[in-house]
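Report on the structure
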Amino acid sequence: MKKVALHNLGCKVNAYETQAMQEMLEQAGYDIVPFQEGADIYIINTCTVTNIADRKSRQMLHRARKMNPDAVVVAAGCYVQAQAEKQEIDPCIDVVIGNNRKQDLLAILKAYEQEHSEQKDVIDINHTNEYETLSLSKTGEHTRAYIKVQDGCNQFCSYCIIPYARGRVRSRKKSDVVEEVTRLAQNGYREVVLTGIHLSSYGIDLEGEESLLTLLEAVHEIEGIQRIRLGSLEPRIITEEFVKKIVNMPKICPHFHLSLQSGCDETLKRMNRRYDSKEFLEKCNLLRKYFENPALTTDVIVGFPGETQEEFEETKAFLENIQFYETHIFKYSKREGTKAAVMEHQIPEQEKARRSAILIELGEKNKKEYEKKFLGKTVEVLVEEKANINGEEVWVGHTKEYMKIALEGDGNLQNCILNVQIDREEQIIH
């Protein structure tokens, strides 16, 4: 029985694929072990979203080789996909598996064992309509499962390499998603999170009238699933029709992540985003019109090439106006191969750090203001695990808005959905 260690880098889609590969290996009789010395095979699912992500991918590959010089080192995913044209990506790699080929992991490992020569399975990801067949029956979490329903992106934002690493939009068949979610529900999962590289594009490549909305309607009917959470959305999917439909699906969590990136229209144009700040604000207001206190979260990039102090101040004012529940701040990081990497007026790292600190502080203030609205209210909590909070053993779980709540209770409360009154701020964990 060969020992296999897996390590994931990057996004929720990558995490899903890593778990699917692990389940595949377990079913084939491999022994899954921690990512430390002693494994026969190391599989690193890589990331390439920034130059830093590339470096981390290389570091993990070299760490694996160092831990066991005789092991088989497998590099999978976005980093090796983006490096595919190179004759040799890295001498420490034995097996290269590009995107859309992780489903063939077992066959590729078998070929390597038989031939003892480098295996490289990388397709031209930009010219495929195939959706990779991967699925799960369990995940590392016991209450919530992330489900990949879509791959690829057609947007080509000027800072992003992902369309080149993941290819064009490809959607998973609705019947396959329903089958997987049904299996997870039967295995006790109460909440699913639908995720993808560009989730809002789900269905545009499928025949008929398939869309993210029709997928949600199908998942909503599955017995046992009590919460449906959505991954990152583009603002343009938030229409009056869409919101009216989902507000009448009680399983949909009022927690919406809308990618902003900048609150300044000139910066958004340079980023090649497909909306302006006015449209984005309208979408947020639409969600707040139909949902009571929805948790709106976002991503913002600071220090994008050419971002003047005035443009930064526009973004800051926009964030003050919308008051997101959570704001994830990223300092712009160059990615070779993108238009933004060669743009003029690159911002110094020190200035990026200064702007980042200002927006992080603002984000923390907005988060506290949002949470105060729930003091004295009763909320529904999906209990996940026990944790030590300030020296006290308590149960913790998340509300539908994804606030993390501490609660007391006897017996095993894991995977229970309870109504909890928030009497004090300390019950909300940060």
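Above: the structure in question.
Heads up: these notes are all about the structure in this document. Keep in mind the model is a prediction, meaning the values are calculated, not measured.

Now for the sheet that holds strand 7 (residues 144-151). Within the open sheet, the 4 strands sit side by side as 8-7-9-10. Their pairing is mixed. The two strands at the open ends of the sheet, each matched to only one other strand, are strand 8 (170-171) and strand 10 (227-230). Where strand 7 meets strand 8, 2 bridges bridge the pair, whose relative direction is antiparallel. Residue pairing across strands places Gln150 opposite Ser171, the latter belonging to strand 8. The sheet strands contacting helix 6 (residues 174-186) are strand 7 and strand 9 (191-196), and the helix crosses strand 7 at an angle near 170°.

Quick look at the nonpolar core now. Grouped together as the largest cluster of nonpolar side chains are 61 residues, with contacts concentrated most on Leu212 and Leu216. In terms of residue count, the dominant contributor to this core is helix 7 (residues 212-220) (5 residues). Residue contacts for Leu216: discarding those within four places in its chain leaves Leu194, Ile228, Leu230, Phe242, Ile246, Met249 and Ile252. Counting residues in hydrophobic clusters, the runner-up holds 22 residues, among them Ala5, Tyr42, Leu61 and Met67.

For helix 4 (residues 105-115), the full list of buried residues reads Leu105, Ile108, Leu109, Ala111 and Tyr112. Down the axis of helix 4, the sector holding all buried residues measures 160°, keeping them to one side. The outward face of helix 4, more than 90 degrees from its buried face, is lined by the exposed residues Ala107 and Gln114. Following helix 4 by one or two positions, His116 has its phi on the positive side, about 50°.

We now examine helix 10 (residues 277-290). The end-to-end C-alpha distance of helix 10 is 21 Å, a good match for the 20 Å that 14 residues give at a rise of 1.5 Å each. Taken together, the buried positions of helix 10 are Ser277, Glu279, Phe280, Lys283, Cys284, Leu286 and Leu287. Those residues of helix 10 that are buried lie in contact with helix 8 (240-247), strand 11 (255-257), helix 9 (265-271), strand 12 (295-302) and helix 11 (309-322).

Here we come to the pairing of strand 9. Remember that side chains alternate between the two faces of the sheet whenever the strand is regular. Counting buried positions along strand 9 gives 6 out of 6 residues, so the element sits mostly inside the fold. Residues Glu191, Val193 and Thr195 line one face of strand 9 and the alternating positions Val192, Leu194 and Gly196 line the opposite face, and both faces are buried. Relative to strand 9, strand 7 runs parallel, the two being bridged by 6 bridges. Pairing of Lys148 across the sheet is with Thr195, part of strand 9. Relative to strand 10, strand 9 is paired through 4 bridges, and the arrangement is parallel. Across the sheet, residue Val192 finds its bridge partner in strand 10, namely Ile228. In terms of handedness, the path from strand 9 via helix 7 over to strand 10 forms a crossover that is right-handed.

So, about the sheet that holds strand 18 (residues 428-429). Across a sheet, paired strands are connected by hydrogen bonds in the backbone, their directions being either parallel or antiparallel. Ordered by their spatial adjacency, 5 strands build an open sheet running 17-14-15-16-18, and the pairing between neighbours is antiparallel. A strand with exactly one partner marks an edge of an open sheet, and here the two such strands are strand 17 (417-421) and strand 18. Across 4 bridges, strand 15 (residues 392-399) lies against strand 16 (residues 404-407) in antiparallel orientation. By the bridge assignment, Val396 is partnered in strand 16 with Ala406.

A separate point is a positive patch on the surface. A cluster of like positive charges, contributed by Arg55, Lys56, Arg58 and Lys86, occupies part of the molecular surface. As for its position among the elements, Lys86 is in the loop between helix 3 (78-82) and strand 5 (95-97).

Bringing the packing of aromatic side chains into the picture now. Scanning the entire structure with this criterion turns up 10 aromatic pairs. Aromatic side chains Phe280 and Phe318 sit 6.2 Å apart centroid to centroid with 65° between the ring planes, which places their arrangement in the edge-to-face category. Linking Phe280 in helix 10 with Phe318 in helix 11, this pair joins segments that are 38 residues apart in sequence. Judged by relative accessible area, Phe318 falls into the buried class, the value being 10%. Plain terms: the ring middles of Phe304 and Tyr332 are 5.4 Å apart, the flat faces sit at 75° to each other, and that makes the pair edge-to-face. Of this pair, Phe304 sits in the loop between strand 12 and helix 11 while Tyr332 sits in the loop between strand 13 (326-331) and helix 12 (349-372), and the two are 28 residues apart along the sequence. Classification of Phe304 as buried rests on a relative accessible area of 0%. For Tyr332, a relative accessible area of 4% translates into the label buried. In textbook terms, an aromatic cluster arises when at least three aromatic residues are bridged by ring pairs, as seen for Tyr275, Phe280, Phe318 and Phe324.

At their nearest, the axes of helix 7 and helix 8 sit 11 Å apart, and the two run at 5° to each other. One way to sum up the angle between helix 7 and helix 8 is to call them roughly parallel. Contacts between helix 7 and helix 8 involve Leu212, Leu213, Leu216 and Glu217 on the former and, on the latter, Phe242, Lys245 and Ile246. When grouped by side-chain class, the residues that make up the contact of helix 7 with helix 8 number 5 nonpolar, no polar and 2 charged.

Rules and cut-offs
- Residues numbered from 1 in each chain as written.
- Predicted model: local features only at pLDDT ≥ 70, side-chain atom pairs only at ≥ 80, totals over all residues.
- Heavy atoms only, no water.
- Pairing = 2+ DSSP bridges.
- Helix = DSSP H or I, 4+ residues; strand = E, 2+ residues; numbered from the N terminus.
- Contact = heavy atoms within 4.5 Å.
- Axes fitted to C-alpha atoms, helices over the stretch in contact; angles between N-to-C directions.
- Core = buried A, V, L, I, M, F, W, Y, C linked by side-chain atoms within 4.5 Å.
- Buried < 20%, exposed > 50% of the residue type's maximum accessible area, 1.4 Å probe, protein only.
- Arc of directions from axis to C-beta.
- Expected span 1.5 Å × (residues − 1).
- Right-handed = clockwise from strand over helix to strand, strands pointing away.
- Patch = residues over 30% accessible without salt bridge, like charges linked within 9 Å, V, L, I, M, F, W, Y side chains within 5 Å.
- Areas by Shrake-Rupley, 256 points an atom, 1.4 Å probe, with all protein chains shown as cover.
- Salt bridge = Lys/Arg side-chain N within 4 Å of Asp/Glu carboxyl O.
- Lys, Arg positive; Asp, Glu negative; His and termini not counted.
- Charge placed at Lys NZ, Arg CZ, Asp CG, Glu CD.
- Phe/Tyr/Trp six-rings, centres within 6.5 Å; stacked < 30°, edge-to-face > 60°.
- Parallel < 35°, antiparallel > 145°, perpendicular 65-115°, else oblique.
- Nonpolar A, V, L, I, M, F, W, Y, C, P; charged D, E, K, R; others polar.

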